[in-house]
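Residue-level structural notes
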Amino acid sequence: MAKAGSSVAETIAVNGTDVRERVLETASKLFYARGVHAVGVDLVVAEAGVAKTSLYRHFRTKDDLIAAFLRREDEDFWSTWNAVAHENAADPAAELDAHLAWIGERAGRPNYRGCPQINVAAEFPQADHPARKVAHDHKAEMRRRLTVLAERLGAGKPEELGGQLAVLINGAFVSSGMLDGREAIPLLQHMARALVAASCA
């Protein structure tokens, strides 16, 4: 039974799903669609159907909620990456092509608003902001993985090729509004192949 003062909506949230996950999922959708500065805690609790005290029980500050949103996006991104890497483990060239296929598909979606890590980092210039740290770690991990892939491809300078591929992918994320959905994948794949060929020559 709900405690006195709890709303009916929050009772449903408690009985139907975990309150923390409900708050985080609601905040994630709002943050991505509108930007984190434009979304206040009051809007999150109203959309999630929970009390503000419930939000602060799980997230001490709004900054903690923003960082949790980015970690959630991070897990989703690397889950897809790991699955694609596993399917193409024996062929690094096929793996790179496959990564650029799902990334290009994502960047070419009509409703795609760009990489959440890049978006949030742009809203918080402070280097010590918890969300900016999550974003920084995400991009560093992407470059590390691409550098390992460059080594497997036989690049003369794998660090350099890994950096070039990271710039290519991040450039696609921030250029998504200018990319036609049909051209995003071949554009990325052709550019990556040219970079690989130059590095392995």
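Here the structure is a predicted model, which is why all the values come from computation and not from measurement. (Residues numbered from 1 in each chain as written. Predicted model: local features only at pLDDT ≥ 70, side-chain atom pairs only at ≥ 80, totals over all residues. Heavy atoms only, no water.)

1. Let's talk about the overall build of the chain
The number of helices and strands found in the chain is 10 helices and 0 strands. Along the chain, helices (α) and strands (β) appear in the sequence α-α-α-α-α-α-α-α-α-α when read from the amino end. Expressed as lengths along the three principal axes of its C-alpha atoms, the size of the chain is roughly 70 × 35 × 30 Å. A burial count over the chain gives 43% of its 201 residues as buried. Here the analysis covers contacts within the chain between residues at least 6 apart in sequence; of these, 67% occur between residues at least 24 apart. When the accessible surface of the chain is totalled, it reaches about 10,600 Å², and 55% of it is carbon and sulfur. (Helix = DSSP H or I, 4+ residues; strand = E, 2+ residues; numbered from the N terminus. Buried < 20%, exposed > 50% of the residue type's maximum accessible area, 1.4 Å probe, protein only. Contact = heavy atoms within 4.5 Å. Areas by Shrake-Rupley, 256 points an atom, 1.4 Å probe, with all protein chains shown as cover.)

2. Observations regarding helix 7 (residues 116-123)
Of all the positions in helix 7, only Pro116, Gln117, Val120 and Ala121 are classed as buried. Buried residues of helix 7, viewed axially, fall in a sector of 130 degrees; they line one side. Buried residues belonging to helix 7 abut helix 2 (19-34), helix 5 (62-87) and helix 8 (130-152). (Arc of directions from axis to C-beta.)

3. Quick notes on the packing of aromatic side chains
Throughout the structure, instances matching the rule amount to 8 aromatic pairs. Where phenylalanine 77 meets tryptophan 81, the ring centres are 6.1 Å apart and the plane angle is 35 degrees; that geometry is what we call tilted. Taken as a pair, phenylalanine 77 and tryptophan 81 lie in helix 5 at a separation of 4 residues, close to a single helical turn. The buried category is assigned to phenylalanine 77, whose relative accessible area is 5%. Relative accessible area serves as the criterion here: at 3%, tryptophan 81 is assigned to the buried category. With 6.4 Å between their ring centres and 70 degrees between their planes, phenylalanine 77 and phenylalanine 173 make a pair best called edge-to-face. Placement of phenylalanine 77 in helix 5 and of phenylalanine 173 in helix 9 (residues 158-174) is noted, with a sequence separation of 96 residues between them. Grouped by ring-pair contacts, the aromatic residues Tyr32, Phe77, Trp78, Trp81, Trp102, Tyr112 and Phe173 constitute a single cluster. (Phe/Tyr/Trp six-rings, centres within 6.5 Å; stacked < 30°, edge-to-face > 60°.)

4. Side note on the confidence of the model for the chain
Of the residues in the chain, 92% reach a pLDDT of 70 or more, and the chain-wide mean stands at 89. Within the chain, helix 1 (residues 8-16) has the poorest average pLDDT of any element, 47, and helix 3 (residues 41-48) the best, 96. Segment residues 1-6: pLDDT under 50, and 2 contacts once partners within four positions in sequence are set aside and those in other chains are kept. Low confidence marks residues 11-16, where pLDDT is under 50. Its contacts with residues over four positions away, or in another chain, come to 8 contacts. (pLDDT = per-residue confidence, 0-100.)

5. Focus on the side chain of threonine 26
Secondary-structure assignment places threonine 26 in helix 2. Given the relative accessible area of 14%, threonine 26 is considered buried.

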